[in-house]
Amino acid sequence: MKRYFLFVPLLLLLGCLTDDLDEPSVITEEVIYVSAERFRIVGRVLSDGGTALTHGFEVSESASFDSSVVLDLGEVNGLGRFFTEYNELAAGTKYYVRAFLIQDGNRVSTGNVLEFSTAVTSLISIQPATALVGEPVLLSGNNFTEGVRVFFGDVEAEVQFEQFESRIQVVVPSPANEEFVVDVSVLSGGETLVYDENFEYQVGRWTSVSEFPSEALREPLVIFDANQLIYGMGRLDIGDLRGDVYSLDIDNDIWDLRSSFIFGRSPFVTQNYFGGGLLFRGLGGALNSDDFYTVRDGQISRLDQTPFSLYGSKAFEYENDLYVIGGVDGASEPNMNAWVFDSSENTWSVGAEIPFLPAIDAINFYTEEGFYLHNQDDNFLWKYDFVSDSWSAYVELPILFQGGIGAMIDGTLFVGLSFEDNRIWELDSDDMTFKLKVEISDSPRNEVTGYGTIDGEIYVLRNNFRSQSFAPKATVWKFNPFTL
């Protein structure tokens, strides 16, 4: 009963108003939607006075309706509700709106005044915050206005679409002046807003350098040094050990046969030394090599034989010493100690024990500070610190790596090209997180045979043993991680 008692007087009042045909009457009923630039408003014609009328709304930033905008909706077509939309408002602004009726050019009824404030444009996120030039990026926020513009630094991006005034998809533009970390700003409703998070261009340039003129080799000798590649020995995909050693003049793409001798496959290798490797494996076991060579100014010279013969071992240099770790002997027994060669005394000694046995294709490289070695069991890149003479887990790799490359350039770590994966990552040493660089355009089925660094670029030798070719090819690529 209380509900009928409350509503009946209002219905009676509306009935009286609509029945009074002598006085045209209008009310401003409701603001039904507001964004940063747009609003929708509803009015109601209660009486038309029996004459022809025009109707509409006026909106203003002033309560006195100075300099108001008139929204003329034309002739009234019967009593009841009418509405309109206007989309040229300023964000974050208070407005006043009222309905009106006009008869013969004179206003005959003005509705009640409603107040509303437009929404403020706000920014939420950039997804992804790292991408390639030409890739789509989704910007999220609130109350984006129509005709919104987006800038990456000073370069305007192409807007592909805007949805629900809260999402904008743009195409990453080419950067200006090689600025690869930039602000992303949005011009919305005459206001420029800047995301808290910067956008970083996914950079890196892969270049095909050369192709080996003969059939590719498995487990060969590979040394990148001083603008040249030394490549050879190992074995054919299906065949015996090879003895030829070639050099590539990287700058001029010229291959030369340097020497020819039988040598074990998968030897230990550094910039200045190589040795060991597998010569033969049969039912009775394996025969490994104890040959030992040095490389100086591109010239290969034989040294005295090593006191060990290992297959698949790794090596690094520190000051005047060469360290050889890991690998297996002819009985497939693992070598868990370091063999240390003192070049000044031309002597070998047994060094400290290593924390794990590296896989034959494990990422490994060394710098002036330490030796880095991938442990495929825990997927961490470990570091042997030269000063403290200790091993520690340096960083977990971004995916489960099998094979691949690793290099340190200007103090920045790069890893990538794992088995059947063309991606490469850069480590942010501040928070120890990885970010993607530009992928190599080579087939992901091609394998890494060797790698090294020359003048701040990473060089990689890849082969296509799993192709259908009867004569697999080896190709040389280089990667500049700091440019497009």
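It should be noted that the structure appears before, not after, this text.
Here the structure is a predicted model, which is why all the values come from computation and not from measurement. (Residues numbered from 1 in each chain as written. Predicted model: local features only at pLDDT ≥ 70, side-chain atom pairs only at ≥ 80, totals over all residues. Heavy atoms only, no water.)

**Q** Got a sec to walk through the overall build of the chain? Specific residues and values, please.
**A** Across its full length, the chain carries 1 helix and 44 strands. On C-alpha atoms alone, the chain measures out to a radius of gyration of 38 Å, which is more than a quarter above the 23 Å that the 2.2 N^0.38 rule sets for 484 residues. Its C-alpha atoms give the chain principal-axis dimensions of about 120 × 50 × 40 Å. A total of 484 residues make up the chain; the buried ones form 46% of that total. Long-range contacts, defined as pairs at least 24 residues apart, comprise 48% of the intrachain contacts of the chain with a sequence gap of at least 6. In the chain, 30 positive and 74 negative side-chain charges are present, and the distance between their average locations comes to 6 Å. (Helix = DSSP H or I, 4+ residues; strand = E, 2+ residues; numbered from the N terminus. Rg over C-alpha atoms; globule rule 2.2 N^0.38 Å. Buried < 20%, exposed > 50% of the residue type's maximum accessible area, 1.4 Å probe, protein only. Contact = heavy atoms within 4.5 Å. Lys, Arg positive; Asp, Glu negative; His and termini not counted. Charge placed at Lys NZ, Arg CZ, Asp CG, Glu CD.)

**Q** Describe the sheet that holds strand β32 (residues 337-342), listing the residues and the values that go with them.
**A** The strand order β30-β31-β32-β33 describes an open sheet built from 4 strands, whose pairing is antiparallel. Because the sheet does not close on itself, it has two edges, and the strands there are β30 (314-318) and β33 (347-353). Taken pair by pair, the neighbouring strands of this sheet meet at an average axis angle of 25 degrees, ignoring direction. Sheet topology note: the β30/strand β31 (residues 321-325) ladder contains 5 bridges and is antiparallel. In the sheet register, Ala-315 faces β31, and the bridge partner there is Val-324. (Pairing = 2+ DSSP bridges. Axes fitted to C-alpha atoms, helices over the stretch in contact; angles between N-to-C directions.)

**Q** Give me the side chain of Gln-169: which residues, what numbers.
**A** With respect to the helices, strands and loops of the structure, Gln-169 is situated in strand β14 (residues 167-171). There is a polar contact of 2.6 Å between the side chain of Gln-169 and the side chain of Gln-160. For Gln-169, the residues in contact, after removing those within four places along its chain, are Pro-136, Val-137, Leu-138, Glu-158, Val-159, Gln-160 and Phe-161. (Polar contact = N/O pair within 3.5 Å; in protein donor to acceptor, adjacent residues only side chain to side chain.)

**Q** Could you give an account of the environment of Gln-163, naming the residues involved and the relevant values?
**A** Looking at where Gln-163 falls in the secondary structure, it is placed in strand β13 (residues 155-163). Engagement of the side chain of Gln-163 in a polar contact is seen with the side chain of Arg-167, the distance being 2.2 Å.

**Q** Break down the sheet that holds strand β2 (residues 39-47) for me, citing the residues and quoting the values.
**A** If you walk across this open sheet you meet the 3 strands as β1-β2-β5, and the pairing is antiparallel. With one partner strand each, in any of the chains shown, β1 (25-34) and β5 (80-86) form the two edges of the open sheet. With direction set aside, neighbouring strand axes in the sheet form an average angle of 20 degrees. Sheet topology note: the β2/β5 ladder contains 7 bridges and is antiparallel. Counterpart to Gly-43 in the pairing with β5 is Phe-82.

**Q** Tell me what's going on with the pairing of strand β17 (residues 191-194), and back it up with residues and numbers.
**A** By the bridge criterion, 4 bridges tie strand β16 (residues 184-188) to β17 in an arrangement that is antiparallel. Bridged to Leu-187 within β17 is Thr-192. Where β16 hands over to β17, the hairpin turn is made up of 2 residues, of which Gly-189 adopts a positive phi near 60 degrees.

**Q** If you had to explain the environment of Leu-139 to someone new, which residues and values would you point to?
**A** Along the chain, Leu-139 turns up in strand β11 (residues 136-142). Residue classification places Leu-139 among the buried residues on the basis of a relative accessible area of 0%. Between the C-alpha atoms of Leu-139 and Pro-398, which are 259 residues apart in sequence, the distance is 26 Å. With residues up to four places along the chain from it excluded, the contact list for Leu-139 reads Ser-125, Ile-126, Phe-144, Val-150, Ser-166, Arg-167, Ile-168, Val-184, Val-186 and Tyr-195.

**Q** Hey, could you go over empty space enclosed by the protein for me, with residue numbers and the actual values?
**A** Taking a probe equal in size to a water molecule and rolling it over the atoms shows the remaining empty space. One pass over the full model with this rule turns up 1 cavity of 30 Å³ or more. Taken as a whole, the largest cavity holds about 40 Å³ of empty space. Partitioned by chemical class, the residues of the lining of the largest cavity number 3 nonpolar, 1 polar and 2 charged. (1 Å grid on protein atoms, 1.4 Å probe; cavity = no way out; pocket = protein on both sides within 12 Å on 5 of 7 lines; lining within 4 Å. Points joined across faces, edges and corners; volume = space filled by probe spheres on them. Nonpolar A, V, L, I, M, F, W, Y, C, P; charged D, E, K, R; others polar.)

**Q** Which residues make up unusual backbone geometry, and what values do they have?
**A** Gln-127 connects to Pro-128 through a cis peptide bond whose omega is -10 degrees. Positionally, Pro-128 belongs in the loop between β9 (122-127) and β10 (130-131). In the Ramachandran plot, Met-233 falls in the positive-phi region, its phi being about 60 degrees despite a non-glycine side chain. Assignment of secondary structure puts Met-233 in the loop between β21 (228-232) and β22 (244-249).

**Q** An account of the packing of aromatic side chains is requested, with residue identities and associated values reported.
**A** One pass over the structure, following the stated rule, counts 35 aromatic pairs. Each ring, one from Phe-356 and one from Trp-391, has its centre 6.4 Å from the other, and the planes form 70 degrees; the classification is edge-to-face. Residue Phe-356 is found in the loop between β33 and β34 (364-366), and its partner Trp-391 is found in strand β37 (residues 390-396); the two are separated by 35 residues along the sequence. Residue class for Phe-356 comes out buried when judged on its relative accessible area of 7%. On the basis of an interplanar angle of 70 degrees and a centroid distance of 5.9 Å, the ring pair of Tyr-384 and Phe-386 is categorised as edge-to-face. Taken as a pair, Tyr-384 and Phe-386 share a single burial class, namely buried. A connected cluster of aromatic rings, assembled from ring pairs, spans Phe-316, Tyr-318, Tyr-323, Phe-356, Phe-371, Trp-382, Tyr-384, Phe-386 and Trp-391. Over the ring of Tyr-33 we find Arg-40; its NZ or CZ atom is 4.6 Å from the centre of that ring. The ring of Phe-65 carries Arg-98 above its face, with NZ or CZ at 3.9 Å from the centroid. (Phe/Tyr/Trp six-rings, centres within 6.5 Å; stacked < 30°, edge-to-face > 60°. Lys NZ or Arg CZ within 6 Å of the ring centre and 35° of its normal.)

**Q** Please provide a residue-by-residue account of the pattern of salt bridges, values included.
**A** If you walk through the whole model with that rule in mind, you get 20 salt bridges. Among the ionic pairs, Arg-423 bridges to Asp-421, the shortest N-O distance being 2.7 Å. Owing to a relative accessible area of 28%, Arg-423 belongs among the partly exposed residues under this scheme. Salt-bridge contacts for Glu-457 lead to Lys-478; the nearest nitrogen and oxygen are separated by 3.8 Å. Note that Glu-457 is positioned in strand β43 (residues 457-463) and Lys-478 in strand β44 (residues 474-480), a separation of 21 residues in sequence. Lys-478 gets classed as partly exposed once you look at its relative accessible area, which sits at 24%. Salt bridges linked by common partners bring Arg-38, Arg-40, Glu-85, Glu-146 and Glu-165 together as one network. (Salt bridge = Lys/Arg side-chain N within 4 Å of Asp/Glu carboxyl O.)

In short, the description is geometric, and any link to function would need to be established separately.
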